[in-house]
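# Tertiary structure, described
Listed below, chain by chain, are the residues.
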Amino acid sequence: MENISEIVARQREYFESGKTLNVKERKRSLVALYNAIKANLPALHEGLKKDLGKSDTESYMCETGFALSELSYMIKHINKFAKPQKVKTPLAQAISKSYRLPSPYGTVLIMNPWNYPVLLSIDPLVAAVAAGNTVVLKLSEYSPNTNEAIKKVISSVFPPEHVAVLFGGLQVNTELMQTGFDYIFFTGSKMVGKLVYQSAAQRLTPVTLELGGKSPCIVDESANIRLAAKRIVFGKFLNLGQTCVAPDYIFCAEKIHDELVAEIKKQIKTQFGENPLENPAYGKIINEKHYVRICGLIDENKVVYGGKKDQERLKIEPTVLDGVTYDDAVMQEEIFGPVLPVLTYREEGEVIKYIKENDAPLALYIFSSDKQRIKKFTTGIGFGGGCVNDVIIHLATPYMPFGGFGASGIGGYHGKASFDTFTHYKSIVNKSTAIDLPMRYQPYKKSNEKLIKKFLH
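Keep in mind it's a predicted model, so treat the numbers as computed, not measured.

### Structural notes on the nonpolar core
- Membership of the largest hydrophobic core comes to 118 residues, with the highest contact counts inside it found for Val-219 and Ile-250.
- Among the elements that line this core, the one with the most residues is helix α4 (residues 56-81), at 10 residues.
- In contact with Ile-250, other than residues within four places in its own chain, are Cys-217, Val-219, Ile-232, Leu-260, Ile-264, Leu-340, Pro-341, Val-342 and Leu-343.
- Formed by 19 residues, the second largest nonpolar core is a distinct cluster that contains Ile-7, Leu-109, Val-136 and Leu-166.

See the structure below:
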């Protein structure tokens, strides 16, 4: 493989040439990328099918179609985003113009995960290019078939000195961390995120960390139980639970426990059939390592639905665990698989206490029609983002940033927030030379104090 330091050196040279500063060229590149993705949908979908068992419908709904949507939004708005932003000028700086100048960081590193390899490569790449940066895009080694399709698409649009696509595992990641970048955007596990953050700190490199965590789903007695179960089953078992914002576990009010569990079982049958392992639209676990890890979280004595496995095909049925306690293995780590633990509560205070005593989750979901309770949960708990009476959909909009809080991440992106993430805004005052007020210069005069106070207050 080509030397990483040489790749980065050429990207820095390309950036310093000023070629990425031309907004028309940025927009042209985004349009070309949009067209290349559309032209290569079959190859991208085939890669996703081989790596994760995704159907074409799911691949388009959750990956390629979503990426095209983000591209469309950025193409439409890039001219506005890239313009200097006029701001008010205080009286003390009279006869001046103040503005914020959007400026690219330079050469940025984007490290993507394997669970949504197309979407989580293209989305940040679109923003980085729109903001005027050069990009090294490091793809996860766990999705090799999709990687090849992604590289084909990107290489057809960008020269490597503008956007370079890298494969590889730990060795490549280590070398990248030893190479200086102007910004790092990482999506992945908390464990690796800490290493990225530590490495970036050595060079004071700014970062965005999109991590994960155990995202709770609270269902109270005022909820629409049938609809709650339907939406929870969709969000939990989408991509076999290999989704960073999947509901990790359910906190269920004791009064509606039996009804909810029964409805969840019914919804699994409705959505995935009597035998999900034979459903061609039901995917697979990414590799054997994760398959074994997930199987280790299943307490056979607490399985009330599902539980069947196929190691050869790396498939696990949608599995519901009931009677789960805080001490069970399934509650000690992010599940990232098709296993849904159900816990019950009597008072909402114990729910808030448990969540607050653990790492802040990436997402929080509440199914309720009680406005006061909804307010209590959304204001009393720290989390990245979430939904009321639905799951996952809060990330499917360009009008709100998506990101973590505390241990679940730093920073956010999507839409305008994506452009902002890869942009440094230079604050500039353009001062007139026609008048120069003497009061700020020494020697200071007592008579000017009142005038200075008037300007500053």
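### A few points about empty space enclosed by the protein
- One pass over the full model with this rule turns up two cavities of 30 Å³ or more.
- There is about 50 Å³ of room inside the largest cavity.
- Surrounding the largest cavity, Leu-176, Met-177, Thr-179, Gly-180, Phe-181, Ile-184, Ser-199, Ala-200, Arg-203 and Thr-205 form its lining.
- Elements represented by at least two residues in the lining of the largest cavity include exactly α7 (170-177) and α8 (190-202).
- Residue composition of the lining of the largest cavity, by class: five nonpolar, four polar and one charged.
- By volume, the second largest cavity is sized at about 30 Å³.
- Around the second largest cavity sit Gly-213, Lys-236, Gly-241, Thr-243, Cys-244, Ala-246, Pro-247, Asp-248, Glu-334 and Phe-336, which together line it.
- Across the lining of the second largest cavity, the residue classes tally to four nonpolar, three polar and three charged.

### Comments concerning the sheet that holds strand β8 (residues 216-219)
- Read from one edge of the open sheet, seven strands run β10-β13-β14-β9-β8-β15-β16, paired in mixed fashion. The strands lining the two open edges of the sheet, one partner per strand, are β10 (303-305) and β16 (385-388). Strand-to-strand twist across the sheet, computed as the mean angle between neighbouring axes with direction ignored, equals 25°.
- Sheet topology note: the β8/strand β9 (residues 249-253) ladder contains four bridges and is parallel. Residue pairing in the sheet places Cys-217 in a bridge with Ile-250 of β9.

### Thoughts on helix α2 (residues 23-39)
- For α2, with 17 residues, the first-to-last C-alpha span of 24 Å sits near the 24 Å given by 1.5 Å per residue.
- When α2 is considered as a whole, its buried residues turn out to be Arg-26, Ser-29, Leu-30, Leu-33, Ala-36 and Ile-37. The arc that holds every buried residue of α2, seen down its axis, measures 125°, which confines them to one face. Every exposed residue of α2 that faces more than 90 degrees away from the buried side is listed here: Lys-24 and Ala-39.
- The inward-facing, buried residues of α2 contact α3 (41-52), α4, α5 (119-130), α6 (144-155) and α14 (416-421).
- One side-chain oxygen at the N-terminal end of α2 lies 2.9 Å from the backbone nitrogen of Lys-24; it belongs to Asn-22.

### A closer look at unusual backbone geometry
- Going from Gln-442 to Pro-443, the amide bond is cis rather than trans, its omega being 0°.
- Tracing the backbone shows Pro-443 in the loop between β20 (423-431) and α15 (449-456).
- A positive phi is found at Asn-239, a non-glycine position, where the angle reads about 55°.
- When you line up the elements, Asn-239 lands in the loop between α9 (225-237) and β9.
- Residue Ile-392 is not a glycine yet carries a positive backbone phi of 70°.

### Looking at the pattern of salt bridges
- Counting across every chain of the model gives 19 salt bridges.
- As a salt-bridge pair, Asp-310 and Arg-313 come within 2.6 Å of each other at their nearest N and O atoms.
- With a relative accessible area of 18%, Asp-310 lands in the buried category.
- Residue Arg-373 is joined to Glu-348 by a salt bridge in which the shortest nitrogen-to-oxygen separation is 3.4 Å. Of the two residues, Arg-373 is situated in helix α13 (residues 371-380) and Glu-348 in helix α12 (residues 348-357); the sequence distance between them amounts to 25 residues.
- Residue Arg-373 is classed as buried on the basis of its relative accessible area, which comes to 14%.
- Take Glu-348: its relative accessible area is 18%, and that puts it in the buried class.
- A single salt-bridge network, built from bridges that share partners, covers Asp-220, Glu-221, Glu-348, Arg-373 and Lys-376.

### Topic: the environment of Lys-431
- Assignment of secondary structure puts Lys-431 in strand β20.
- Taking the relative accessible area as the measure of exposure, Lys-431 reaches 38% and is therefore partly exposed.
- Note: C-alpha distance between Lys-431 and Ser-98 (333 residues apart in sequence) is 8.5 Å.
- Beyond its immediate chain neighbours, meaning those up to four positions away, Lys-431 contacts Gln-93, Ala-94, Ile-95 and Ser-96.

### Looking at the environment of Lys-302
- Note that Lys-302 resides in the loop between α11 (288-295) and β10.
- Lys-302 sits in the buried class, given a relative accessible area of 18%.
- Sequence-wise, Lys-302 and Pro-341 are 39 residues apart; in three dimensions their C-alpha atoms are separated by 9.0 Å.
- Those residues in contact with Lys-302, other than ones at most four positions away along the chain, are Val-320, Leu-321, Asp-322, Gly-323, Val-324, Thr-325 and Asp-328.
- Within the structure, Lys-302 has its side chain in polar contact with the side chain of Asp-328 (distance 2.7 Å).

What counts as what
Residues numbered from 1 in each chain as written. Predicted model: local features only at pLDDT ≥ 70, side-chain atom pairs only at ≥ 80, totals over all residues. Heavy atoms only, no water. Core = buried A, V, L, I, M, F, W, Y, C linked by side-chain atoms within 4.5 Å. Buried < 20%, exposed > 50% of the residue type's maximum accessible area, 1.4 Å probe, protein only. Helix = DSSP H or I, 4+ residues; strand = E, 2+ residues; numbered from the N terminus. Contact = heavy atoms within 4.5 Å. 1 Å grid on protein atoms, 1.4 Å probe; cavity = no way out; pocket = protein on both sides within 12 Å on 5 of 7 lines; lining within 4 Å. Points joined across faces, edges and corners; volume = space filled by probe spheres on them. Nonpolar A, V, L, I, M, F, W, Y, C, P; charged D, E, K, R; others polar. Pairing = 2+ DSSP bridges. Axes fitted to C-alpha atoms, helices over the stretch in contact; angles between N-to-C directions. Expected span 1.5 Å × (residues − 1). Arc of directions from axis to C-beta. Polar contact = N/O pair within 3.5 Å; in protein donor to acceptor, adjacent residues only side chain to side chain. Salt bridge = Lys/Arg side-chain N within 4 Å of Asp/Glu carboxyl O.

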